[in-house]
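In case you want the letters, here they are:
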Amino acid sequence: MALRRVLGLGGALGRRSCCSKRPLPPDFVEALRAVVGGPNVSTAMAVREQHGHDESMHTCAPPDAVVWPQAVGQVQELAALCYRCRVPMVPFGTGTGLEGGVNAVQGGICFDLSRMDTIAELSLEDFSVAVEPGVTRKALNSHLHDTGLWFPVDPGADASLCGMAATGASGTNAVRYGTMRPNVLNLRVVLPDGRLLHTAGPGRQARWEPGDRDGLGGGHAGAHSLAPCRKRAAGYDLTSLFVGSEGTLGFLTQATLRLHPLPEAAAVTTAAFPSVRAAVACTVQVLQAAVPVARIEFLDEVMVGACGRFSGLELPAAATLLLELHGSRRGLAEQQQQAEEIVRLNGGSGLAWAEEPEERGRLWAMRHSAWYAALALRPGCQGYSTDVCVPISRLPDVVVETKRDLQDSGLTGPMVGHVGDGNFHCLLIFDPQDPAEAQRVHAFTQRLGRRALAAGGTCTGEHGVGLGKRALLLEELGQEGLDTLRRIKAALDPHNLMNPGKVL
């Protein structure tokens, strides 16, 4: 409880117990069962607690009931029911978030959307696919096997793709393929009152066919789904409004995603550096030289040592970069030579390229184990991941200052990051029963957030605001910016029923 008290989470949230501030109306649970059937509604304490937290350190806040809709029409009916009765609603995907986004801090109904798992409207020619919330990143790429296409946004966890859209997730491939935001083409959203919105237009229209002069589809109506166009300048960008909204504006019940061609060849290497500054400076120079890296990840010497022990790989305990290149077989050799020259100019060593899928897989499995490797540094302790992002030009200074701050604070906080786009994390491992350490963790996270803001960056590059970064959001956007967000929220959710207590 020590850290929660320090972070201000031990007040109303800590006292909330397992009931909402306002109990559910009489017979409300029976009304839920009438929509989705008895087996798809649960009020069991174990189920509610399972849905009352994510992977963050925030206190479990269970909903009053959990429902499992299996079709968008059921989501609409359930939302309309909750809206009429003024019952809070919380979307739930896989529960892999890191900012308390699924915690039902005002009780209400948790909508577990994992049983809506249809993959539809795959268009190889248009490089697009539509997925429901129960489809995870790995499931989609398994479905795309042998098509020559893939979805590259990779946050590490096998998260729900609609959940990734809701948090504006990114990951190791963002430096080349972008975050979720540019890779979401359309969203099917159930609004708080149950109405259905397609952010880029309805996705079930007739496709134009050759010989169709009026564009209405003629006799072909209904024969095809409308493929999303690659760009549009029609009205406000509603899709981007909902990407990163963290469940506060509506339920994302389908996402149309941009797919990418699988590269002909790929190669990955690790490079050890004499200092943190040298490793991060190398990152900046690789990008300035226009080397088309697909991934460029940074691990400090503490993180490398932890990951090596956890994964059984022998790596030098030094600041390290993992670089991955994608391209044609002919072009890859030239890219490797460019990267090697820049690495050596910055004092890097240990370059050995892995091109076979198994070898590359082992290295990235090591990188993706960073969270668990960090926790293994202090068994029985808890972890919290920071998530700042800064302009590339400021990255070396900010990372070095943060490293010094960690050491001066006496904290265990190995550093890892998607430094190709300026995003890095400190994985803070602490004893939650030690008030003094909890205070140091809180003070450090506040300094880090403000250091990023002072450098022109953001307090969250990919995890979202959730419960813990609301004060920093005000400092980042300013009062007028925050008030504008509140007006948008009030327009779409006037009774503050969608995931209340988050972001704003």
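Here the residue numbers are simple positions, counted from 1 along each chain's written sequence. Selection of residues for local features in this predicted model requires a pLDDT of at least 70, selection of side-chain atom pairs for listing and counting requires 80 or more, and totals for whole chains, interfaces and linings are taken over all residues. Here the side-chain values reflect all heavy atoms present in the structure, with hydrogen atoms and water set aside.

Take the overall build of the protein chain next. Runs of E in the DSSP output that reach at least two residues are strands. Runs of H or I that reach at least four are helices, and both are numbered from the N terminus. The number of helices and strands found in the protein chain is 18 helices and 18 strands. In terms of overall dimensions, the protein chain is globule-like: its C-alpha atoms have a radius of gyration of 23 Å, near the 23 Å expected for 504 residues. C-alpha atoms of the protein chain, sized along the principal axes, occupy 70 × 65 × 45 Å. Relative accessibility thresholds used throughout: buried, under 20% of the residue-type maximum; exposed, over 50%; partly exposed, between the two (1.4 Å probe, protein chains only). Counting all 504 residues of the protein chain, 54% fall into the buried class. Partitioning the intrachain contacts of the protein chain with sequence separation of at least 6 by distance along the chain shows that 73% fall at a separation of at least 24. Within these notes, the globule rule equals 2.2 Å times the number of residues to the 0.38 power, and the radius of gyration is based on C-alpha atoms. Here, residues are in contact when the closest pair of their heavy atoms is within 4.5 Å.

For the rest of this paragraph, the subject is the layout of surface pockets. Here the idea is plain: a probe the size of a water molecule rolls over the atoms and shows the empty space left. A cavity here means a set of points on a 1 Å grid, drawn over the protein atoms and nothing else, where a 1.4 Å probe fits but cannot get out; a pocket is an open set with protein on both sides within 12 Å along at least five of seven lines, and a residue lines either one if it has an atom within 4 Å of a point. Grid points are joined across faces, edges and corners, and a volume is the space filled by probe spheres set on the points. Its boundaries defined by the atoms lining it, the largest pocket holds a volume of some 1100 Å³. In terms of lining, the largest pocket is formed by 50 residues, of which the most central are Thr96, Gly97, Leu98, Ala157 and Ala159. Secondary-structure elements contributing two or more residues to the lining of the largest pocket are β3 (89-92), α7 (161-167), β10 (251-258), α14 (357-368), α15 (370-375), β17 (415-418) and β18 (423-430). It is α7 that provides the largest number of residues to the lining of the largest pocket, a total of five residues. Note that Gly is not counted as nonpolar here; it falls among the polar residues with everything else outside the nonpolar set of Ala, Val, Leu, Ile, Met, Phe, Trp, Tyr, Cys and Pro and the charged set of Asp, Glu, Lys and Arg. Among the residues forming the lining of the largest pocket, the class breakdown is 20 nonpolar, 23 polar and seven charged.

The alternating pattern of strand β4 (residues 109-112) places Ile109 and Phe111 and Cys110 and Asp112 on opposite faces, both of which are buried. For two strands to count as paired, DSSP must find a minimum of two bridges between them. Pairing analysis gives four bridges linking β3 to β4, with the strands arranged parallel. Opposite Met89, over in β4, you have Ile109 as the bridge partner.

Inspection of the secondary structure assignment puts Thr136 in the loop between β6 (128-131) and α6 (137-143). Identification of polar contacts relies on pairs of N or O atoms within 3.5 Å, with a donor-acceptor requirement for protein atoms, meaning one able to donate a hydrogen and the other able to accept it, and with residues adjacent in sequence counted only if both atoms are side-chain atoms. For Thr136, the side chain forms a polar contact with the side chain of Asp158, separated by 3.1 Å. With residues up to four places along the chain from it excluded, the contact list for Thr136 reads Thr94, Asp158, Ala159, Ser160 and Leu161.

On to the nonpolar core. Joining through side-chain atoms within 4.5 Å is the link that ties buried Ala, Val, Leu, Ile, Met, Phe, Trp, Tyr and Cys residues into a set, and such a set is a nonpolar core. Ranked by internal contacts, the top residues of the largest apolar core, which has 44 residues, are Phe298, Leu321 and Phe424. Those elements giving two or more residues to this core turn out to be β12 (265-273), α11 (276-288), β13 (293-299), β14 (319-327), α13 (329-345), α16 (395-409), β18 and α17 (435-454). Among the elements that line this core, the one with the most residues is α11, at six residues. Among residues more than four places away in sequence, those in contact with Phe424 are Thr386, Asp387, Val388, Leu395, Val398, Val399, Thr402, Met415, Val416, Gly417 and Leu448.

This part takes up the sheet that holds β4. Strand order in the open sheet formed by four strands is β1-β2-β4-β3, and the pairing between neighbours is mixed. Whereas interior strands pair on both sides, the edge strands pair on one side only; in this sheet they are β1 (41-42) and β3. Packed onto the sheet, helix α5 (residues 72-85) meets β2 (65-67), β3 and β4 and runs at close to 170° relative to β4. The angle between two axes is taken between their N-to-C directions and runs from 0 to 180 degrees, where each axis is a line fitted to C-alpha atoms and a helix contributes only its stretch in contact.

To continue, consider the sheet that holds β10. A sheet is described by the order of its strands in space; here five strands give the open sequence β5-β6-β10-β8-β9, paired in antiparallel fashion. Because the sheet does not close on itself, it has two edges, and the strands there are β5 (119-123) and β9 (196-198). On average, each strand axis in the sheet is inclined to that of its neighbour by 10°, with strand direction left out of account. Taken together, the three bridges between strand β8 (residues 184-190) and β9 define a ladder with antiparallel strand orientation. If you follow Val189 over to β9, its bridge partner there is Leu197.

By the element assignment, Gly461 lies in the loop between α17 and α18 (470-492). Using a relative accessible area of 30% as the deciding quantity, one classes Gly461 as partly exposed. For the pair formed by Gly461 and Phe424, sequence separation is 37 residues and the distance between their alpha carbons is 8.3 Å.

The next subject is the pattern of salt bridges. A pair is scored as a salt bridge if a Lys or Arg side-chain nitrogen falls within 4 Å of a carboxyl oxygen belonging to Asp or Glu. Applying the stated criterion across every chain yields a total of 22 salt bridges. The salt bridge partner of Glu30 is Arg33, with a shortest N-O separation of 2.6 Å. Here Glu30 and its partner Arg33 are both found in helix α3 (residues 28-36), three residues apart, which amounts to about one turn of the helix. On the basis of relative accessibility, which here comes to 47%, the residue Glu30 falls in the partly exposed class. Arg33 gets classed as partly exposed once you look at its relative accessible area, which sits at 27%.

The next point concerns unusual backbone geometry. If you check the backbone angles, Phe127 has positive phi at about 55° while not being a glycine. Mapped onto the secondary structure, Phe127 falls in the loop between β5 and β6. For Phe127, a relative accessible area of 29% translates into the label partly exposed. The phi angle at Asn499 is positive, at roughly 45°, despite the residue not being glycine. Accessibility expressed as a relative area gives 2% for Asn499, which makes it buried.

Before going further, it helps to spend a moment on the packing of aromatic side chains. Each aromatic ring pair is characterised by the separation of its centres together with the angle its planes make. Pairing of aromatic rings covers Phe, Tyr and the six-membered ring of Trp, with a centre-to-centre limit of 6.5 Å; geometry is then stacked below 30 degrees between planes, edge-to-face above 60, and tilted otherwise. Taken as a whole and assessed by the stated rule, the structure comprises two aromatic pairs. Positioned over the ring face of Tyr83 is Arg86, at 5.4 Å from the centre of the ring. Residue placement shows Arg295 over the ring face of Trp364; its charged tip is 4.0 Å from the ring centre. Placement of a charge over a ring requires the Lys NZ or Arg CZ to be within 6 Å of the ring centre, with the centre-to-atom vector within 35 degrees of the ring normal.

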